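This is what each chain is made of:
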Amino acid sequence: RMAATYERMPGGFYAYFYADTRQATTLCTFDPSGYGFVSFEDGRPHLTSQRRGGSLVNESGSIEKSWTESKPLKGGAIEIQITPQMLFSFRSRRELAMKLTCMGLTEEFVLGDPPERADSYLSKSVGVVTMGPERGKQILDIDKCRQAAEAKQLLK
């Protein structure tokens with residue numbers, strides 16, 4: 001059993017995951033910017049993510065990995081099995097997720113700072129109407145628009 005909230009507020013999604021115990025320890029929390037932490041069941045920090053970087057700490061309190069904006073995390077994603085039902089994956093503030101499994105159902109939540117919108121509608125333009133009443137209007141490649149819509153739907 002577990003307790004979780006995934007709320008949309010101004011600025012994006014806030015995620016909170018709690019231990020299902022009398023103490024209701026916060027096991028994981030992240031805001032829309034990818035700042036947050038994962039803790040051990042007793043509440044001690046396990047992974048932290050902040051604006052300038054973060055760290056992964058083992059159970060004895062020693063830092064196993066640390067990273068900054070100028071020196072990003074090397075290697076693959078860090079995966080932490082918080083509980084038998086919660087699997088957390090961290091690569092950067094922009095690439096983190098929580099996978100919840102309960103009674104045979106699995107749901108993955110994308111957490112943190114979503115990638116910048118690198119492709120606006122202008123990147124799908126194949127030209128501009130130069131004459132007539134629609135002069136200046138962008139001519140869009142419909143296939144690229146559909147692909148972008150499908151990709152956006154996968155992120156939800």
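For the structure, see preceding data.
One structure accompanies this document, and this report is about it. (Residues numbered from 1 in each chain as written. Predicted model: local features only at pLDDT ≥ 70, side-chain atom pairs only at ≥ 80, totals over all residues. Heavy atoms only, no water.)

## Some details on the sheet that holds strand β10 (residues 95-102)
Step number 1: If you walk across this open sheet you meet the 4 strands as β8-β9-β10-β11, and the pairing is antiparallel. Single-partner strands in this sheet number two, and they are β8 (78-83) and β11 (105-111). Between one strand and the next, the sheet's axes are offset by a mean angle of 20°, whatever the strand orientation.
Step number 2: Examined bridge by bridge, strand β9 (residues 86-92) and β10 share 6 bridges and lie antiparallel to one another. Following the sheet pairing, Ser92 is matched in β10 by Glu95. (Pairing = 2+ DSSP bridges. Helix = DSSP H or I, 4+ residues; strand = E, 2+ residues; numbered from the N terminus. Axes fitted to C-alpha atoms, helices over the stretch in contact; angles between N-to-C directions.)

## Focus: a nonpolar patch on the surface
Step number 1: Residues Tyr6, Phe13 and Val110 make up a contiguous nonpolar surface patch of roughly 230 Å² in combined accessible area.
Step number 2: Within the fold, Tyr6 resides in strand β1 (residues 2-9). (Patch = residues over 30% accessible without salt bridge, like charges linked within 9 Å, V, L, I, M, F, W, Y side chains within 5 Å. Areas by Shrake-Rupley, 256 points an atom, 1.4 Å probe, with all protein chains shown as cover. Salt bridge = Lys/Arg side-chain N within 4 Å of Asp/Glu carboxyl O.)

## Some thoughts on the environment of Leu96
Step number 1: Along the chain, Leu96 turns up in strand β10.
Step number 2: Remark: the alpha-carbon pair of Leu96 and Trp67, spanning 29 residues in sequence, is separated by 15 Å.
Step number 3: Contacts of Leu96, omitting those with residues within four sequence positions, involve Phe30, Phe88, Ser89, Phe90, Phe109, Val110, Leu111 and Gly112. (Contact = heavy atoms within 4.5 Å.)

## Considerations on the packing of aromatic side chains
Step number 1: Under the defined criterion, the tally for this structure stands at 5 aromatic pairs.
Step number 2: When the ring of Tyr6 is compared with that of Phe13, the centres are 4.8 Å apart and the planes differ by 5°; the resulting orientation is stacked.
Step number 3: Note on Phe88 and Phe90: the rings are 6.5 Å apart at their centroids and 25° apart in plane angle, and the pair reads as stacked. For the pair Phe88 and Phe90, a shared accessibility class is recorded, and that class is buried. (Phe/Tyr/Trp six-rings, centres within 6.5 Å; stacked < 30°, edge-to-face > 60°. Buried < 20%, exposed > 50% of the residue type's maximum accessible area, 1.4 Å probe, protein only.)

## Some remarks on the environment of Cys145
Step number 1: Here Cys145 shows up in helix α1 (residues 142-155).
Step number 2: For Cys145, a relative accessible area of 24% corresponds to the partly exposed category.
Step number 3: C-alpha of Cys145 to C-alpha of Gly12: the two residues are 133 residues apart in sequence and 24 Å apart in space.

## Side note on the side chain of Ser55
Step number 1: Tracing the backbone through its elements, the reader meets Ser55 in strand β6 (residues 53-57).
Step number 2: If we ignore the near neighbours within four places in the chain, the residues touching Ser55 are His46, Leu47, Thr48, Ile63, Lys65, Ser66 and Trp67.

## Let's talk about the state of the cysteines
Step number 1: In this structure the tally under the stated criterion is 0 disulfides.
Step number 2: Cys28 carries a free sulfur, and the closest cysteine sulfur to it, the one in Cys102, is 17 Å from it. (Disulfide = S-S within 2.5 Å.)

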